[in-house]
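A structural walkthrough
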Amino acid sequence: AYPWGYGQEDGPYAWHKDFPNAKGDRQSPIDIVPEGTVYDASLPPIFLFYDHCNSINLCNNGRSVTVEFDDTDDRTVIRGGPLENAYRLKQFHFHWGGKGSHGSEHTVSGKSYASELHLVHWNAAKYKTFGEAAEAPDGLAVIAIFLEIGDEHRGLHKITDALYMVKFKDSVADFKGFNPKCLLPNILEFWTYPGSLTTPPLHENVTWIILKEPIRVSEKQMGKFRMLLISGEEEEDRKRMENNFRPPQPLNGRKVRASFN
Ligand SMILES: COc1ccc2c(ccc[n+]2C(=O)c2ccc(S(N)(=O)=O)cc2)c1
Ligand SMILES: [Zn+2]
């Protein structure tokens, strides 16, 4: 398949050549303008049933670092918010910058955050596998959490202390027993809108749920993400994994609803 990335030649501005969805009318991320969102009092709160969740491994796929979950039963699901039924957690991953406060994919009134965490869920009530859901119109729901620089985050330590195990592209390491509930902010107020995957294949089948409250992580913790490489162990020119974010895309009249006033 077309080797896409985030560089000058293979980055977001070139993806349309192999992934026509890139110029679709419901692409993600977007710039969220709070004054332009609609407060929807009928939106139920979002519920994360993560108590029996268990992570399996940590992977460096050359574009991001992901923590994969056992999604063979309904032990780790989200419900409520804009969702018609339960969506099952499949993986989470991050997008980040090279330094400072750039790195998030969604922005709020043009403000970027240092990083953005995506908790990727699939509609297990209607589809049998993630792959099937990933091709279906109501297949995916992603919860996005902004990371800003501040004190170190105790929950994130387990991840940043394990990143050295997956330094190179296509490396995988055991990573069991991690529960991402510890990465949630205190308040689960959110914006929601219909969008897409923010990486190829850019499928336009994602219900986005963006938490308004960021979590704080230290510069040192962010630095450990930037030590990851997009190059494989055997390659001589080592390239860092950083700035793996897609810029905001046209809203095209989509409605962004807010769960709060
Ligand atoms: C053929 O169908 C697919 C579907 C999904 C694929 C994928 C390849 C890479 C990542 N994924 C993903 O699972 C994926 C990609 C992007 C995101 S994001 N950044 O949360 O929008 C979430 C999940 C292929
Ligand atoms: Zn993502």
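Quick caveat, the model's predicted, so the values are computed rather than measured.

How each quantity is defined
- Residues numbered from 1 in each chain as written.
- Chains lettered and ligands numbered in written order.
- Predicted model: local features only at pLDDT ≥ 70, side-chain atom pairs only at ≥ 80, totals over all residues.
- Heavy atoms only, no water.
- Donors = N, O, S within 2.8 Å, 3.2 Å for Na, K, Ca; no water.
- Tetrahedral: all angles 85-135°; square planar, octahedral: opposite > 155°, others 65-115°.
- Buried < 20%, exposed > 50% of the residue type's maximum accessible area, 1.4 Å probe, protein only.
- Near = heavy atom within 4 Å.
- Areas by Shrake-Rupley, 256 points an atom, 1.4 Å probe, with all protein chains shown as cover.
- Helix = DSSP H or I, 4+ residues; strand = E, 2+ residues; numbered from the N terminus.
- Nonpolar A, V, L, I, M, F, W, Y, C, P; charged D, E, K, R; others polar.
- Salt bridge = Lys/Arg side-chain N within 4 Å of Asp/Glu carboxyl O.
- Pairing = 2+ DSSP bridges.
- Patch = residues over 30% accessible without salt bridge, like charges linked within 9 Å, V, L, I, M, F, W, Y side chains within 5 Å.
- Lys, Arg positive; Asp, Glu negative; His and termini not counted.
- Charge placed at Lys NZ, Arg CZ, Asp CG, Glu CD.
- Contact = heavy atoms within 4.5 Å.
- Phe/Tyr/Trp six-rings, centres within 6.5 Å; stacked < 30°, edge-to-face > 60°.
- Lys NZ or Arg CZ within 6 Å of the ring centre and 35° of its normal.

Our focus in this paragraph is the coordination of the zinc ion (ligand 2). As a benchmark, a tetrahedral metal site with four donors has ideal angles of 109.5 degrees, while an octahedral site with six donors has ideal angles of 90 or 180 degrees. Bound to the zinc ion (ligand 2) on the protein side are His93 (NE2), His95 (NE2) and His118 (ND1), at distances that span 2.0 to 2.1 Å. Here the zinc ion (ligand 2) is ringed by 4 donor atoms whose angles at the metal span 97 to 115°, and the overall shape comes out tetrahedral. The sequence motif formed by the donor residues of the zinc ion (ligand 2) is H-x1-H-x22-H. Residue His93 is classed as buried on the basis of its relative accessible area of 12%. Judged by relative accessible area, which is 2%, His95 ranks as buried.

In this section: the site of ligand 1. In the region of ligand 1, 15 residues are neighbours, and His93, Phe130, Leu197, Thr198 and Thr199 sit closest. Protein contact buries 73% of the 520 Å² of open area that ligand 1 shows by itself. Of all elements in the fold, only β7 (87-96) and β9 (115-122) reach the threshold of two or more residues within the shell around ligand 1. The biggest single contributor to the shell around ligand 1 is β7, with 3 residues. Taken together, the residues that form the shell around ligand 1 break down as 7 nonpolar, 7 polar and 1 charged.

In this structure the tally under the stated criterion is 13 salt bridges. Of the charged contacts in the structure, one is a salt bridge between Lys169 and Asp170, with a shortest N-O distance of 3.6 Å. Residues Glu219 and Arg226 are paired through a salt bridge, measuring 3.0 Å at the closest nitrogen-oxygen approach. A residue is classified by how much of its surface remains accessible, and Glu219, at 36% relative accessible area, is partly exposed. Residue classification places Arg226 among the buried positions, given a relative accessible area of 6%. Members of the salt-bridge network, linked through shared partners, are Asp70, Asp73 and Arg75.

With that out of the way, let us pick up the pairing of strand β4 (residues 55-60). Of all 6 residues in β4, 5 are buried; the element is thus mostly enclosed. When β4 meets strand β5 (residues 65-69), the two strands line up antiparallel, connected through 5 bridges. Of the residues in β5, the one forming a bridge with Cys59 is Thr66. Taking the residues between adjacent antiparallel strands as the criterion, β4 and β5 are bridged by 4 residues, where Gly62 takes a positive phi near 85°. In this sheet, strand β11 (residues 171-174) lies alongside β4 in antiparallel orientation, the contact comprising 4 bridges. For Cys59, the partnering residue across the bridge sits in β11 and is Val172.

This paragraph deals with a negative patch on the surface. A grouping of Glu233, Glu234, Glu235, Glu236 and Asp237 is seen on the molecular surface, where their side chains present a negatively charged patch. Inspection of the secondary structure assignment puts Glu236 in the loop between α3 (219-225) and β15 (257-258). For Glu236, a relative accessible area of 70% corresponds to the exposed category.

With that settled, consider the environment of Ala86. Position of Ala86 among the secondary structure elements: in the loop between β6 (77-80) and β7. C-alpha of Ala86 to C-alpha of Phe49: the two residues are 37 residues apart in sequence and 9.7 Å apart in space. Beyond its immediate sequence surroundings of up to four residues, Ala86 is in contact with Val77, Ile78, Arg79, Trp122, Asn123, Ala124 and Ala125.

This structure, assessed with the given rule, holds 12 aromatic pairs. Seen in terms of ring centroids, Tyr6 and Trp15 are 5.6 Å apart; in terms of plane orientation they differ by 75°. Their pairing is edge-to-face. Using a relative accessible area of 0% as the deciding quantity, one classes Trp15 as buried. Taken together, the aromatic side chains of Phe69, Phe92, Phe94, Trp96, Phe175, Phe178 and Phe225 make up a single cluster linked through ring pairs. Between the NZ or CZ atom of Lys111 and the centre of the ring of Tyr113, over which it lies, the distance is 4.6 Å. Its end group placed over the ring of Phe260, Lys212 keeps NZ or CZ at 4.6 Å from the ring centre.

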